[in-house]
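Inside the fold
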Amino acid sequence: MKRNRKIFFQLGIFIIFITLIAILINNLTINLLRTGIGFNFNWLLKPASFSLAEHPLPYSASDSYAWALFIGWMNSLKVIVSSLVLSSLVGTLIGFARTSKNSLLGLISAGYITIIRQTPLLLQLMFWYFVGFLGLKDNISIHIKNLFKLSNQGIELPGLTLSSEFSALLFGLSIFTSAYIAEVIRGGILSVSRGQWEAFRSLGLSERKGLFFIIIPQALPAIIPGLTSQYLNLAKNSTLAIAVGYSDIYAINDTIINQTGRAIECFLILLISFLLLNLVITNFMELINRIIIKPIKHN
Amino acid sequence: MEPIVIAKNITKSYTKGLRALDNVSLTVNQGKVLVVMGPSGSGKSTLIRTFNGLESFDQGELNVLGIKINSTHDERKIQKIRRKVGMVFQQFNLFPHLSILENITLAPINVQKRRQREANEYGMYLLNQMGIDSHAKKYPNQLSGGEQQRVAIARALALKPKLLLFDEPTSALDPERINEVLDAMRRLAQQGMTMVVVTHEIGFAKDVSDQVLFMDSGKVIETSTPDIFFSNAKHERSRKFLNQLDKH
Amino acid sequence: MNLIITFFIKLRKLFFSNVLNSIISLIIILILFSIFFNIFGWLIFNANWKVVTSNLPLYAFGSFPANQQWRPATWIISLLTLSMLTLLGPEWKWLRKNLLLAWISTVPFGLYLLYGGLGLLPITSRHWGGLTLTILLTLCSSLLSLPFGIVLALCRQSSFPLVKKLSAIYIDSMRAIPLISVLFFGQLLIPLFLPVGIEIDRVWRAVFAFTLFVSAYIAEDIRGGLQSIPSTQIEAANSLGLNKYQIIKFILIPQALRIALPALTNQSIGLFQNTSLMAILGLVELLGIGRSILANPEFIGQYIEVYIWLACLYWFVCTIMAVLARHLEKRMLINQAIV
């Protein structure tokens with residue numbers, strides 16, 4: 001009797017859900033017919049006929065939309081991976097500064113964190129792009145010997161040229177994410193009980209050795225999940241590339257929609273791209289978890 | 001004398017053939033106090049939790065206040081029982097987000113559909129009985145353990161139950177707080193409340209109980225009056241258990 | 001005099017406790033001085049604040065007609081007053097009964113003031129903008145996504161496998177995609193899913209998209225709260241004869257909301273910042289107004305002044321929100337047992 005009711009109830013919800021979807025799809029088909037767009041993926045193979053300023057692999061306007069999307073993917077990955085590395089480094093430093101015994105250092109890192117976290121990322125990105133890079137006049141550029149050159153053309157290092165768009169995005173994303181990572185690191189360090197600090201001090205270990213051999217290994221299990229979610233956020237935030245004119249996967253989807261009007265197909269492509277990306281990041285962090293955390297726990 | 005609880009051959013097994021309850025039968029008559037004793041893991045908590053349907057069982061039949069339930073665990077009948085049976089837990093289990101008075105009036109207002117004013121008045125009366133009416137507006141974490149447990153008793157009384165179940169009500173308390181709770185329970189017994197109490201408090205069992213039921217490994221080992229149980233227990237296992245209790 | 005000495009001793013303890021610390025402190029102080037000197041010099045002598053001062057009404061109200069600007073102004077002032085009241089508020093009991101209601105009613109009140117009608121000059125949403133629009137987007141979206149998020153969280157915890165699966169798919173895919181895409185496709189796709197002839201304007205499409213997005217995050221926060229309620233609470237409620245729906249309503253939701261409160265307030269602060277994304281999707285909220293002022297030939301190139309001003313505004317409102325949130329959390333803590 002109870003089981004039957006449960007199944008009946010579920011069936012009811014399912015029917016309501018299906019009806020709702022049906023109404024939405026009905027509206028959609030009517031609208032698509034009205035505008036004459038339809039739904040298919042044939043256009044993917046047609047020439048994209050737009051050019052891209054940045055492409056890690058050969059690309060020209062006569063290449064297909066599919067190839068343009070793939071280039072967008074590569075561009076996204078490029079900025080995500082490099083910001084991931086940079087923000088982790090900066091974030092770790094600031095996280096340690098935040099917990100350091102030097103109060104002034106703690107105060108400054110707290111200030112950094114509140115300024116970065118309490119202002120919108122988009123505003124910060126625009127600041128780095130329009131003020132940080134484009135703001136530099138043609139003749140003003142910062143040279144450090146022949147190793148480093150910063151100008152409105154971007155950053156030049158020996159053997160590596162970074163466009164101003166990429167650099168602004170890299171800077172903005174890394175600085176924004178680093179403030180969050182710093183908080184994750186701080187939380188991790190604080191999660192280790194005070195007794196552990198007292199224990200290694202009483203053993204005569206130096207502060208630095210104690211931090212590296214006693215505290216950090218115990219803080220890592222609390223840090224890794226926080227880092228994972230910050231990296232996922234970083235990947236999602238990288239789509240703000242469009243604000244500084246960097247052609248990542250989202251910006252290319254946007255261009256394609258403007259050209260072809262294929263909003264639904266592009267939405268599905270974007271959804272799948274990000275589900276994949278999330279899968280990659282979570283699996284990567286799971287791997288790190290397995291390599292670093294498990295051995296610690298077993299010892 | 002009207003029986004309030006009649007349990008017949010109740011059996012509950014866990015997956016690996018272990019029995020939490022093994023063929024337990026008992027009767028509790030109106031106005032009587034039954035104390036259930038036994039080592040930890042003997043099934044005494046499981047037993048009284050079957051009385052208001054917090055635990056199901058596999059075999060046997062249970063009659064609480066004339067409502068019969070069996071292994072099918074009929075929700076509607078259990079709901080009926082719960083409205084007439086109050087329960088007090090080891091960890092108090094007060095609702096931390098509600099004030100003391102709200103804790104007590106929640107069920108009368110929503111289960112028995114009483115008016116707020118009426119429920120408040122009765123709630124204040126119960127708090128007064130428990131000697132904690134001055135805390136009515138406070139929240140549970142502002143009270144000591146003993147006070148919280150007295151609130152829990154008042155909450156259980158708010159539905160005017162015919163039977164009260166106590167699941168180790170003093171085990172989580174500081175030693176100096178135990179008596180204030182036991183005194184409240186004594187007064188209830190004097191007023192003729194039917195109670196089933198799982199406890200290790202020998203003094204309470206001697207003074208208040210009409211019968212002591214001793215359990216081990218899910219089985220009822222013996223049921224005696226407290227005089228006999230504490231001076232001249234029939235079973236070897238009961239005597240062993242009492243000896244160990246004495247040592248502590 | 002004594003006070004000053006102890007102050008200096010404390011200062012010495014804090015900053016110059018040993019050689020390394022003193023060196024670090026000195027270097028930091030030097031760097032800070034030079035940075036502050038430069039920045040303040042620039043802010044006072046070089047910056048041209050006319051781009052801010054002459055456009056204050058634009059930043060606040062967008063292109064709302066000048067003679068009607070008292071309407072959004074009233075609304076913002078009432079919000080500020082309410083914030084002050086909440087901070088100075090009397091006992092929690094009173095607060096719960098009246099202030100919550102007051103906060104909820106700010107939305108219809110604000111909408112009435114903005115839309116007009118019933119005695120006020122009607123004004124379409126095209127003229128809404130600036131801080132007013134930013135606050136409106138934040139308030140409407142948070143208020144809508146809370147109930148939606150609660151329902152999603154309950155569905156994900158439900159004992160019906162189908163309901164559980166559907167809500168899990170929704171929550172997980174919403175959390176996987178970037179907000180900008182939800183907003184963009186919200187603007188594009190919502191009209192496609194509606195019957196012919198029915199149209200929703202840009203502002204409400206944005207609110208709808210924000211709600212769809214944020215409620216998935218709120219659902220996860222509340223699910224976390226639900227999972228951390230000890231099962232003994234449900235047992236106690238069961239033993240009192242409360243039924244399933246009463247337990248959800250009186251025991252589970254209130255406690256889950258209290259546990260999730262810090263996460264929820266963070267969501268709404270995040271939402272406030274994220275409304276800036278609408279600037280690249282055609283709404284002239286706070287950042288959008290900044291961009292359109294920068295596009296004005298008179299102020300072209302004055303990026304630094306505008307961005308610093310906007311950053312200060314965002315920072316200020318975020319800080320107010322954070323202070324309110326912390327205040328609320330402290331109030332809640334009073335009646336939250338540490339389990």
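Residues numbered from 1 in each chain as written. Chains lettered and ligands numbered in written order. Predicted model: local features only at pLDDT ≥ 70, side-chain atom pairs only at ≥ 80, totals over all residues.

What to know about helix α6 (residues 178–190) of chain B
Two residues of an α-helix separated by three or four positions point the same way, owing to the 3.6 residues in each turn. Residues and elements named next belong to chain B. Between the first and last C-alpha of α6 there are 19 Å, a value that for 13 residues agrees with the 18 Å anticipated at 1.5 Å per step. For α6, every residue scored as buried is listed here: V181, L182, M185, L188 and A189. Buried residues of α6, seen end-on, are gathered within an arc of 115° and therefore sit on one face of the element. The exposed residues of α6 that point more than 90 degrees off its buried face are R187 and Q190. As for α6, its buried residues are in contact with β3 (33–37), α5 (145–157), β7 (163–167), β8 (194–198) and α7 (202–208). (Helix = DSSP H or I, 4+ residues; strand = E, 2+ residues; numbered from the N terminus. Expected span 1.5 Å × (residues − 1). Buried ≥ 20, exposed ≤ 12 C-beta atoms within 10 Å, placed from the backbone. Arc of directions from axis to C-beta. Contact = placed C-beta atoms within 7 Å.)

Here's the deal with the interface of chain C and chain A
Taken together, the 40 residues of chain C in the interface contact 43 residues of chain A. Elements that contribute at least two residues to the side of chain C that touches chain A include exactly α1 (2–15), α2 (19–46), α8 (161–176), α9 (179–193) and α14 (303–334) of chain C. Tallying contributions element by element places α14 of chain C first for the side of chain C that touches chain A, with 9 residues. Here the residues of the side of chain C that touches chain A sort into 33 nonpolar, 7 polar and no charged. (Nonpolar A, V, L, I, M, F, W, Y, C, P; charged D, E, K, R; others polar.)

Considerations on the arrangement of the chains
Across the 2 pairs of chains in contact, the largest number of contacts is found between chains A and C. Between chain A and chain B there is no contact, and the shortest C-alpha to C-alpha separation is 10 Å.

Details of the pairing of strand β4 (residues 59–64) of chain B
Residue and element names in this part refer to chain B. In terms of strand pairing, strand β1 (residues 3–13) meets β4 through 5 bridges, oriented antiparallel. Across the sheet, K8 pairs through a bridge with E61, a residue of β4. In the sheet, β4 pairs with strand β5 (residues 67–69) via 3 bridges, with the strands oriented antiparallel. By the bridge assignment for β5, N63 is matched with K68. What sits between β4 and β5 in their antiparallel hairpin is a turn of 2 residues, with L65 showing a positive phi close to 50°. (Pairing = 2+ DSSP bridges.)

What about the interface of chain C and chain B?
Contacts between chain C and chain B engage 21 residues on the former and 20 residues on the latter. Sorting the residues of the side of chain C that touches chain B by element identifies α11 (231–239) and α12 (244–274) of chain C as the ones contributing at least two each. Of the residues in the side of chain C that touches chain B, the class split is 9 nonpolar, 10 polar and 2 charged.

Re the pairing of strand β2 (residues 19–29) of chain B
Residue and element names in this part refer to chain B. In this structure, β1 lies alongside β2, joined through 7 bridges in antiparallel fashion. Looking at the pairing, I10 lines up with V24 of β2. In sequence, β1 turns back onto β2 through a hairpin of 5 residues, with G17 there showing a positive phi of about 80°.

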